[in-house]
Amino acid sequence: MCLHTPACPSAQSADAKAARVVAAHPEQGWSLLCNGVLIFEDTGELLPDGQVIAPHRPAVAD
């Protein structure tokens, strides 16, 4: 999906979230990256192959 130079990291790479945002809808809580990854404000992700990555926020100390 990435057509610019240098190309963004793939959806499967460790730094996938470093890709450029191509559509942002903060009012709905999500952004689409140029590598096809949907990232959500709760830190969850949806990969282009349909794989879901659950939210992974750090635990808050009491």
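The structure contained in this document is the topic of the report that follows.

1. So, the overall build of the protein chain
Right, on to step 1. Assigned secondary structure in the protein chain consists of zero helices and five strands.
Right, on to step 2. Reading the protein chain from its N terminus to its C terminus gives the helix and strand order β-β-β-β-β.
Right, on to step 3. Projected onto the principal axes, the alpha-carbon positions of the protein chain cover approximately 45 × 25 × 20 Å.
Right, on to step 4. Burial status across the protein chain gives 24% buried among its 62 residues.
Right, on to step 5. Partitioning the contacts of the protein chain with sequence separation of at least 6, the portion at a separation of at least 24 is 16%.
Right, on to step 6. On the protein chain, roughly 4400 Å² of surface is accessible, and the fraction owed to carbon and sulfur atoms is 59%.

2. A closer look at unusual backbone geometry
It is generally the case that most residues other than glycine have a negative phi and that most peptide bonds are trans.
Right, on to step 1. Of note, threonine 43 is a non-glycine position whose phi angle comes to about 80 degrees, a positive value.
Right, on to step 2. With respect to the helices, strands and loops of the structure, threonine 43 is situated in the loop between strand S3 (38-40) and strand S4 (45-46).
Right, on to step 3. Here threonine 43 falls in the partly exposed class, since its relative accessible area comes to 25%.

3. What to know about the sheet that holds strand S5 (residues 52-53)
Right, on to step 1. What the five strands build is an open sheet, ordered S1-S2-S3-S4-S5; its pairing is antiparallel. The sheet is open, and its two edges are formed by strand S1 (21-25) and S5, each paired on a single side.
Right, on to step 2. Relative to S5, S4 is paired through two bridges, and the arrangement is antiparallel. The residue bridging glutamate 45 from the neighbouring strand is isoleucine 53, located in S5.

4. Points about the state of the cysteines
Right, on to step 1. In the structure shown here, the tally under the stated rule is zero disulfides.
Right, on to step 2. Here cysteine 8 is not cross-linked by a disulfide; its sulfur's nearest cysteine counterpart is in cysteine 34, at 3.1 Å.
Right, on to step 3. Overall, the relative accessible area of 4% leaves cysteine 34 in the buried class.

The rules behind each value
Residues numbered from 1 in each chain as written. Predicted model: local features only at pLDDT ≥ 70, side-chain atom pairs only at ≥ 80, totals over all residues. Heavy atoms only, no water. Helix = DSSP H or I, 4+ residues; strand = E, 2+ residues; numbered from the N terminus. Buried < 20%, exposed > 50% of the residue type's maximum accessible area, 1.4 Å probe, protein only. Contact = heavy atoms within 4.5 Å. Areas by Shrake-Rupley, 256 points an atom, 1.4 Å probe, with all protein chains shown as cover. Pairing = 2+ DSSP bridges. Disulfide = S-S within 2.5 Å.

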